[in-house]
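Fold and geometry: a report
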Amino acid sequence: MSARAEPSASMTGQEAPYDVIVVGAGIAGSLVAGQLGERGRRVLVLEAGVRDADPEQAHRDALERYFAASVKGPGSAHLPNPATPWPDASDLGGTGDGYLVQRGRLPYGSGYVRANGGTGNVWTGLTPRMLPEDFATLTTFGYGRDWPLSYAELEPHYRAAERRLGVAADVAEQRQRVGLPFPENYVFPMRAIPASRLDRLLAERLDGSRVEDPGMPDPVELRVVGTPHARNGVPNPAYDGGVGYVPVGAHGRPDPDSRCLGSATCIPLCPSQAKYTPLKTQAHWAPSVTLVDRAVVSRVLVAPDGRATGVEYLTYTAHGPDRTGELTARTATAPVVVLAAHAVENARLLLLSGLANRSGQVGRNLMDHPVLLTWGLMSEPVGPYRGPGSTSGFEGFRAGPARRTRAPFRIEIGNWGWLWAKGPVDGDVAELLRSGGPDGRGLFGTELREALRDRVGRQFALQFEMEQSADPANRITLDPTLRDRLGLPRPVATYDLSHHVREGIAAAKTVSDQVFARLGAEDRTDFPDDGSWPGRYEHNGRVYGYRGAGHGAGTHIMGSSPGTSVVDSWQRCWDHPGLYAVGCGSMPSVATSNPTLTMAALALRSAERIEADLVERHRPALLDSGAAR
């Protein structure tokens, strides 16, 4: 059964108390609400974005917006609430008067979407696990922060998250090539997504060869390894002890035919709806879960003893072509409040509320995966723009003693040509029109078509995702004067890359140079000083550029002590019983894996703790037997 949906305009005054209020309906918030709803808990989900009354029509409309958009960015398919903007390209470059204010030495390069489902609507769908050593980098390698829990403690929740998200992968490959421990006889819900033509070509030419890594004592072996995906492929009949797995298709329906069709539009949306989004989880919420959209939480409420009691939120209804509208303040109460908005928005809300900051760490330790992109032309067609953005990668640079001197990295093999590095193929067309001929003249007609087919067909890219460790200097704060449409202070990002990360990027470029040479590929990598690379800097006499991976983390960091962290290992705020801050903002490190699966595992683990807390809260007090006599 689907959750009840009550438009915010119908809700007035003081709300009836709920068991739990969840702020944000992205992946973490939707999973927490869903798991608690299964236990019969009354859950109120407050979402800043707009919930669609007709999901099928909304999907068609999103496709039309995407096709018509002149700039096909992560948010181009999604209709924003004018009162709740999100960071766009001008924000990330630090050149515009957008939503996210940039005040760092380098720009924070990642945005997010404030829509129902959040950035879980526009992610790539990659779901690798973290490595066991990633949870203890300070103890093992002397940098960063240790987690207050281990891989072994999180492992059962990884399996639960792989079920909820519907992960496709090869467990034997993950054991052998990545070094991950799994329980005996475990298999993923679905078989691995097939390797792309580019994957197969690189495996044929590179598997078993070795390259020099400046941080490693010995050369590193190259091996193309498939990446786990949260997208529908072929169900594995051996899953769950032979029970099997039924993929979740469009709008949450059991639909084994809703499979990945290789549309190359995972960002901003999957046309076949094979990729997991939070909307699939929401379709299966129990009736005790209520979603209120167009609701922006402005303050978390606590009792005099510090215990969470509810939230204040604003609803905004736009009218007319000028988008003016009605703003209404409301209150909702519950003994448990879960912040699940986004690493940036969770920190912003805690700062607005003046809460959970005994450690002084709220908003601090802002992290991402700075991505070094390298790109070029193969000597033969590689079939770009087919399938997910990446189906395989190189795993050999994620672990080991090199982490002591440089950031580790994971290499994704990019299936979408030069899209992320240089934009859509429009740029290639413009270049060939200007001077694509051998004598510098422009090309037209048949010559243009043939040249474009040749160039685009041979394009490929490598994406080096760098671990960025927690640094209190990288942070989110509130601007004292700049306000958003609702009158709330805008978030400010202060950001830079440490020497450890810069050394990792330098090592990655060295590896890339060797890979391109082994492939006999023409390296077209360039970071011009023309504004196209806001994340451009010089290190040891060489110019580099980076993009943000969209993996915001670390702003309400977890730890083992209230003096050094914001939340404990269950993502409970140390300072306020009943207040949770869940999501990537709790992660003490992002390691080298896309963080969504780890975030989902942590969310499901927290939901178990919330349920236990609620049971304990309502447990009848036992009379002392001696006093009773």
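Everything quoted here is computed from the prediction, not taken from an experiment.

What to know about the nonpolar core
When a protein is soluble and globular, its nonpolar side chains tend to lie buried together. In this structure, Val20, Val22, Val45, Leu46, Val311, Leu579 and Ile610 are the most contacted members of the largest nonpolar core, which totals 91 residues. Among the elements that line this core, the one with the most residues is helix α15 (residues 596-617), at nine residues. In terms of nonpolar packing, the next biggest core, distinct from the first, is built from 55 residues, Ile411, Ile505, Tyr544 and Tyr546 among them.

Things to note about the state of the cysteines
Per the stated rule, a full pass over the model turns up zero disulfides. Free of any disulfide, Cys260 has its nearest cysteine sulfur in Cys266, 6.2 Å distant. By relative accessible area, which is 27% here, Cys260 ends up partly exposed. Here Cys270 is not disulfide-linked; the sulfur of Cys266 is the nearest cysteine sulfur, at 6.2 Å. The class for Cys270 is buried, based on a relative accessible area of 13%.

Quick notes on the confidence of the model for the protein
With 93% of its residues at a pLDDT of at least 70, the protein reaches an overall mean of 91. Scored below 50 in pLDDT, residues 4-13 shows 24 contacts in the model against residues more than four places distant or in partner chains. Below pLDDT 50 for its whole length, residues 625-629 participates in zero contacts with residues either more than four positions away or in separate chains.

Some thoughts on the packing of aromatic side chains
Scanning the model with the defined rule gives 17 aromatic pairs in all. A centroid spacing of 5.7 Å and a plane angle of 75 degrees characterise the contact between Phe182 and Phe188, whose relative ring orientation is edge-to-face. Of the two residues, Phe182 and Phe188, both sit in the buried class. With 5.8 Å between their ring centres and 90 degrees between their planes, Tyr239 and Tyr245 make a pair best called edge-to-face. What makes Tyr239 buried here is its relative accessible area of 4%.

Description of the environment of His576
Within the secondary structure, His576 sits in the loop between β21 (542-548) and β22 (579-581). For His576 and Ala62, which are 514 residues apart along the polypeptide, the C-alpha to C-alpha distance reads 40 Å. Apart from the residues within four sequence positions on either side, His576 is in contact with Val302, Gly306, Leu355 and Ala356. Among the polar contacts made by the side chain of His576, one reaches the main-chain amide nitrogen of Ala356 at a distance of 3.0 Å.

Cut-off values and rules
Residues numbered from 1 in each chain as written. Predicted model: local features only at pLDDT ≥ 70, side-chain atom pairs only at ≥ 80, totals over all residues. Heavy atoms only, no water. Core = buried A, V, L, I, M, F, W, Y, C linked by side-chain atoms within 4.5 Å. Buried < 20%, exposed > 50% of the residue type's maximum accessible area, 1.4 Å probe, protein only. Helix = DSSP H or I, 4+ residues; strand = E, 2+ residues; numbered from the N terminus. Disulfide = S-S within 2.5 Å. pLDDT = per-residue confidence, 0-100. Contact = heavy atoms within 4.5 Å. Phe/Tyr/Trp six-rings, centres within 6.5 Å; stacked < 30°, edge-to-face > 60°. Polar contact = N/O pair within 3.5 Å; in protein donor to acceptor, adjacent residues only side chain to side chain.

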